[in-house]
Amino acid sequence: MKSVGSKRQFKSFFRALRMIQNMTPLLIPATVLNALLQSFMPFIPIFMTARIIDELFGARSVARLSLLVVSTIVLSFIVFLILKGTERIKKISNQRLFYLGKYEMDRLILRTNYENTEKPRFHLRKQKIEDASIIGKRGIWRIPDLLERTLTSFCTVVISIILAYPTFIPSKSQNATSFESSIWQSIVLIILIILSSCYSLFSNSRFSKKFFKELDHGMKFNRLFSYYEDLLRDDNRFGKDVRIYHQSELILKSFNDFNKLNTRFQSNIGRLQGRFSGINAAVTSIISGFVYLFVGIKALNGSISIGSVVQYVGAINQFTTSFSKMITSISDSWHNIKYVQLYFDFLDTPSLKSEGQIPISIDRNSKYEIEFRNVSFKYLESDAYALRNISLKINSGERIAVVGMNGSGKTTFIKLLCRLYDPQEGQILLNGVNIQQYKFQDYMNFLSVVFQDFQLFAFPLGQNVSSDINYDEQRTLEYLDEVGIGEKVRSLPNGLETPLYKVDEDGVDISGGEAQKIAIARALYKDSPFIILDEPTAALDPRAEFDIYSKLQRIVKNKTIIFISHRLSSCRFCNEILVLDKGKLIQKGTHDELVQDKSGKYFELWNAQAQYYQLNS
Ligand code: ADP
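Since the structure is predicted, the reported quantities are computational estimates derived from the model, not experimental observations.

(A) Geometry of the UniProt feature "domain: ABC transmembrane type-1" (unreviewed entry) in the protein. The UniProt entry lists residues 240-332 under the feature "domain: ABC transmembrane type-1" (unreviewed entry), expressed in the numbering used here. Strand forms 0% of residues 240-332 and helix 92%; the C-alpha atoms that close the span are 47 Å apart.

What follows is the structure, given as structure tokens:
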């Protein structure tokens, strides 16, 4: 089991490296170069100072001393300049990686099937990835930094071993007793270094475990905090309820609770980090003391030069600190892979639907027939059928109304027709072919839908209607005129270029009714053969709704319109009304036919709404 897990972790790591390389081709080379130079840099003064001291205590040649000093300065300066360059590349590339990495997740959300986006777990997973990147600096975004720290410490360890190695080898010129004591001193020091390395390994793994436990815990607070922050940011939407029901106290209390928990979380993390680095620093200092003693004795014995004291002490100290850093960064990288996997698992969210292959060429003069053949559907995690054994046909040019009580399945019917879900039983056919077999994008062009909870965006009004940056102004205004909002749009300071909502300073806020009219104009602009209106006129008064529906009949000519409306009076002009009840199609016919059946559901609904049709008749 363990090896399968490790294999998966390595796979994720290399996949992440490939992804980073594709998104920001300079980041990994800059990181590797930076790591090599950073590990090399501390040894320049250590190595060169040793040579300079030896020269001072030896031949004292001015020319050689000058050469050594100048080489030290020039070499340090060159390394410093290259490091500055790579740092800059890394900074820009890391920002790019941050945005592109998030963009990949947003792209998935926009493209994955709708069914996925309706699952709360889907969004929670994204939130967890984002929290981990913000609070714990974990995930794919952390890989370059961890790679650099691991490489730097690894190279430093290697260089320090090369530089310190001669001090552990007793000189052949020593007499037998001092040769033997020299060997013992080396063994003792090596054992001490190994012990401190083992301690570093052990304490790091304990620290990491505790740290990640605290981090997971802390992410929960952050999720709640983000939720309350969103509430306050969207004061327009929530402000009314918050004021009427005095909910501000509840929200403020939650903020305070969050604050307390967050402070505790931060102090727990701080305490852990403090204890870990404090003990590590103490162990490193003790080892340093022994290193000075060991190298000092050798210098007193005369078995190494004074200059070499600087080299060996520096190199062994570099070894002990870098070894501990190497262990920390390897262990951090290992734990970080868990968050990289979360990221890839999210990006790999399986597509639950087939994309389809058959193209649809949309032609104004073609005839289209939609058929529901014994269609039944249940939502995921629900036992009850939302639609049960529906069979019906809808032809080009027809005006269809779908009516029924709340929860009778009207919206589900539309969602299936729009391929947002696939039925578990039966088939939906377009011209005799299962709609799942058509290319998804072509099928989307075949339909225009205004949902109950339609969304307009904070883009210019004209772009909202046309769903395009470049749009036909004349056509856009014509449709806005048809739905009865053209005059208002013309009176806006920037006309069609006026952004909606106050996100932009020049933006305008619009009423619910105006938004619905714009959404209907958007559906008309799309010019699809089938137009579906799922109670989009709820914010309009009955007369305005009736006006729009009557006008629509004229505008859409030979297109098919499917209406869902609670106001039966608005459906009277339809040539077929489908009555749904508890997911079943219980009646169908024209208004005049259905209203005759005094025991039928339609008559019951019609009677209940008598006041509306008196108004409109
Ligand atoms: P209507 O549009 O007629 O009000 P719906 O089609 O929205 O009815 O709902 C039909 C049934 O399916 C209802 O019982 C509703 O609770 C259920 N339902 C609707 N959407 C979901 C969903 N996303 N998950 C689970 N059940 C749902």
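Past the structure itself, the notes keep going.
(B) Seen up close, the nonpolar core. By size, the foremost hydrophobic cluster in this structure holds 47 residues, and its most contacted members are Leu480 and Leu552. Not counting residues up to four positions away in its chain, the partners in contact with Leu552 are Ile520, Leu524, Leu533, Ile561 and Phe563.

(C) Representation of a positive patch on the surface in the model. Residues Arg206, Lys210, Lys213, Arg271 and Arg275 make up a contiguous surface patch of positive charge. When residues of the positive patch are traced back to their parent elements, those giving at least two are α8 (176-233) and α10 (248-301). Considering each element in turn, the positive patch owes the most residues, three residues, to α8. Positionally, Arg271 belongs in helix α10.

(D) Structural detail: the site of the ligand. Every residue close to the ligand is listed here: Glu118, Tyr379, Ala386, Met405, Asn406, Gly407, Ser408, Gly409, Lys410, Thr411 and Thr412. Taking Lys410, its main chain carries an N or O atom lying 3.0 Å from an oxygen atom of the ligand. Thr412 places a side-chain nitrogen or oxygen 2.4 Å from an oxygen atom of the ligand. For the ligand, the protein covers 61% of the area, taking 560 Å² as the surface of the free molecule.

(E) Quick peek at the UniProt feature "transmembrane region" (unreviewed entry) in the protein. Feature annotation in UniProt assigns "transmembrane region" (unreviewed entry) to the following positions: residues 65-83, 146-168, 183-202 and 276-295. Taken end to end, residues 146-168 is 83% helix and 0% strand, and its first and last C-alpha atoms sit 32 Å apart.

What counts, and at which threshold
Residues numbered from 1 in each chain as written. Predicted model: local features only at pLDDT ≥ 70, side-chain atom pairs only at ≥ 80, totals over all residues. Heavy atoms only, no water. UniProt positions renumbered as here; feature names shortened; annotations may be inferred. Helix = DSSP H or I, 4+ residues; strand = E, 2+ residues; numbered from the N terminus. Core = buried A, V, L, I, M, F, W, Y, C linked by side-chain atoms within 4.5 Å. Buried < 20%, exposed > 50% of the residue type's maximum accessible area, 1.4 Å probe, protein only. Contact = heavy atoms within 4.5 Å. Patch = residues over 30% accessible without salt bridge, like charges linked within 9 Å, V, L, I, M, F, W, Y side chains within 5 Å. Areas by Shrake-Rupley, 256 points an atom, 1.4 Å probe, with all protein chains shown as cover. Salt bridge = Lys/Arg side-chain N within 4 Å of Asp/Glu carboxyl O. Lys, Arg positive; Asp, Glu negative; His and termini not counted. Charge placed at Lys NZ, Arg CZ, Asp CG, Glu CD. Near = heavy atom within 4 Å. Polar contact = N/O pair within 3.5 Å; in protein donor to acceptor, adjacent residues only side chain to side chain.

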